[in-house]
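Analysis of the macromolecular model
The residues making up each chain are set out below.
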Amino acid sequence: MSDDTTTLHPIPTTQPQPVVAWLVVTAASTPGAVGRSFKISGEESVIGRSPEAQVRLMEEGVSRRHARIIRSAEGKFELTDLGSTNGTYLNGTRVGGPGRLDEGDRVQLGGQCSLRFTFKETSDGDENLREALAAAQVATFSLDLRSSVISWNETVERVVGAPAGTLSRTALPMGTSSTPTTGPTR
C-alpha cells in the first residue's frame with residue numbers, strides 16, 4: 001500500500017499592491033508653484049510648511065502641520081485636517097473628520113492653495129520646466145478646465161508692462177478680463 005498523501009495548504013490572499021498617488025498644485029500664491037507635483041507613496045504624508053512635511057508648501061494660510069493623507073491597508077487614501085488655523089477643504093467642503101480621496105478631487109488649504117489628487121503619474125519634465133520659467137521670471141498661466149478659471153503669477157505684470165499691483169491676483173473665470181491701467185485716461 002502506497003502512502004500517497006496530499007497536503008492541502010490554504011492559498012494566501014493577495015495583499016493590496018502599494019498604491020501611489022500625487023498631489024498637483026493648481027492654485028498658489030507662491031510664484032512658480034502651480035504645476036508642482038508631490039508623490040504620495042507612504043502610509044502617511046503630512047502636508048504643511050514644516051521642513052518635516054512630506055508635502056511641503058510654503059504658501060500663505062498653510063500651517064506647519066496643516067493636514068495629512070493616510071493610505072489604508074486596502075489602498076484607499078483619506079484626508080484629515082490637523083487642527084489648522086485656516087481649514088482644509090475637500091471639493092469645497094470643510095474637512096471635519098477623515099475624508100476619502102478619489103481621482104480628481106480638489107484639496108484646498110487655507111484660502112489660496114489648491115491641489116488636485118490623482119493616481120496618474122505626473123511628468124517631472126513639466127515640473128522642471130515650471131521651475132526654470134519661475135527662475136527666469138517668465139510669466140506663467142494656469143487654466144483649470146473643470147472650473148474654467150485662469151490664474152497667473154505676479155511676473156505677468158512685468159511682462160505686459162503694467163505697474164506692480166495693478167492686475168488682480170484673484171483667479172478669473174474665462175470670458176472676463178483684468179485690464180491694466182497704465183495711467184490716467186484722456
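The coordinates are above.
The structure contained in this document is the topic of the report that follows.

Scoring rules and cut-offs
Residues numbered from 1 in each chain as written. Predicted model: local features only at pLDDT ≥ 70, side-chain atom pairs only at ≥ 80, totals over all residues. Heavy atoms only, no water. Phe/Tyr/Trp six-rings, centres within 6.5 Å; stacked < 30°, edge-to-face > 60°. Helix = DSSP H or I, 4+ residues; strand = E, 2+ residues; numbered from the N terminus. Pairing = 2+ DSSP bridges.

1. Points about the packing of aromatic side chains
Enumeration according to the criterion identifies three aromatic pairs in this entry. Each ring, one from F77 and one from F119, has its centre 5.9 Å from the other, and the planes form 55°; the classification is tilted. Placement of F77 in strand β6 (residues 77-81) and of F119 in the loop between β11 (113-118) and α1 (124-135) is noted, with a sequence separation of 42 residues between them. When the ring of F117 is compared with that of F119, the centres are 5.2 Å apart and the planes differ by 80°; the resulting orientation is edge-to-face.

2. A short note on the sheet that holds strand β1 (residues 21-27)
With antiparallel pairing, six strands are arranged side by side in an open sheet as β2-β1-β11-β10-β7-β8. Strands at the two margins of the open sheet, each flanked by one partner only, are β2 (37-40) and β8 (93-94). Of the strand pairs in this sheet, strand β7 (residues 88-90) and strand β10 (residues 106-109) are connected by three bridges, and their pairing is antiparallel. By the bridge assignment for β10, L90 is matched with V107.

3. Some words on the sheet that holds strand β4 (residues 55-56)
Read from one edge of the open sheet, five strands run β4-β3-β5-β6-β9, paired in mixed fashion. A single partner strand is all that each edge strand has here, and the edge strands are β4 and β9 (99-101). Where strand β3 (residues 44-48) and β4 come together, two bridges link them in parallel fashion. When the bridges of β4 are listed, G48 appears paired with R56.

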